[in-house]
Amino acid sequence: MTNTQRVNLGKQHPAAYKTLIALSSEVEEAAAAAGLDPLLVELLRIRTSQINGCAFCLRMHTGDALKKGENPDRIAVLPAWEETGYFSEADRAALRLTEAITLVPDGHVRDEDYDAAAAVLTADQISVVAWLATVMNAFNRVAITSRYPVGN
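Everything numeric here is computed off the predicted structure, so don't read it as measured data. (Residues numbered from 1 in each chain as written. Predicted model: local features only at pLDDT ≥ 70, side-chain atom pairs only at ≥ 80, totals over all residues. Heavy atoms only, no water.)

Draft legend 1. Focus on the packing of aromatic side chains. Enumeration over the complete set of coordinates arrives at two aromatic pairs. Look at Y17 and F139: their rings are 6.0 Å apart centre to centre, the planes differ by 85°, and that puts the pair in the edge-to-face class. In this pair, Y17 is assigned in helix α2 (residues 14-33) and F139 in helix α8 (residues 123-146), connecting sequence segments 122 residues apart. Residue Y17 is classed as partly exposed on the basis of its relative accessible area of 23%. The class of F139 is buried, set by a relative accessible area of 14%. Measuring from centroid to centroid gives 5.0 Å for F56 and Y148, while their planes differ by 80°, and the two rings are edge-to-face. (Phe/Tyr/Trp six-rings, centres within 6.5 Å; stacked < 30°, edge-to-face > 60°. Helix = DSSP H or I, 4+ residues; strand = E, 2+ residues; numbered from the N terminus. Buried < 20%, exposed > 50% of the residue type's maximum accessible area, 1.4 Å probe, protein only.)

Here is the structure:
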């Protein structure tokens, strides 16, 4: 890590940051309206943050998930979700789509990833998963660029 003082993007342009927070709130409300489990919403945020390596968001959303009653085992195995029996078909579809959106440079959102989601999620749920990934990727980039502090 460097000693260079980073600009805190949220403080430098608070109106833009507040807009991102408002967008996140809107997407969370849409997720509830679409019937997406609030625990899955947190897992999608965690998985996006794992892929992006955002310690600040990982700490925050892991804590949020635990407070909401998420099983610590599901959080622990999240990077290897495909190898476990902890996740429902809908969870798996949402995780797969979230990963594809987060990893767009690796091949865009492939038809097989989208089709897997469309097989078990409603159109509203697919849209919400995509918006959750989009917003979480934005938050990760803000926190990583600003080097939001984590730990000592």
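Alright, that's what it looks like, and here's the rest.
Draft legend 2. Inspection of the environment of D106 at higher detail. Tracing the backbone through its elements, the reader meets D106 in the loop between α6 (89-102) and α7 (111-120). Put simply, D106 and V128 are 22 residues apart on the chain and 22 Å apart in space, counted from C-alpha to C-alpha.

Draft legend 3. Here's a closer look at the nonpolar core. Ranked by size, the top nonpolar core spans 36 residues in total, and within it L36, L44, C57, L121, V129 and L132 carry the most contacts. Listed by contribution, the elements that provide at least two residues to this core are α2, α3 (38-52), α4 (55-67), α6 and α8. Take this core: its biggest share by element is ten residues, from α8. Leave out the neighbours within four places in its chain, and V129 touches L36, L44, A94, L97, T98 and L121. (Core = buried A, V, L, I, M, F, W, Y, C linked by side-chain atoms within 4.5 Å. Contact = heavy atoms within 4.5 Å.)

Draft legend 4. Broad picture of the pattern of salt bridges. In this structure the tally under the stated criterion is ten salt bridges. With a closest N to O distance of 2.7 Å, R47 and E99 form a salt bridge. With R47 in helix α3 and E99 in helix α6, this residue pair connects regions lying 52 residues apart in the sequence. Residue classification places E99 among the buried positions, given a relative accessible area of 14%. Across the salt bridge formed by E112 and R110, the nearest N and O atoms sit 3.2 Å from each other. (Salt bridge = Lys/Arg side-chain N within 4 Å of Asp/Glu carboxyl O.)

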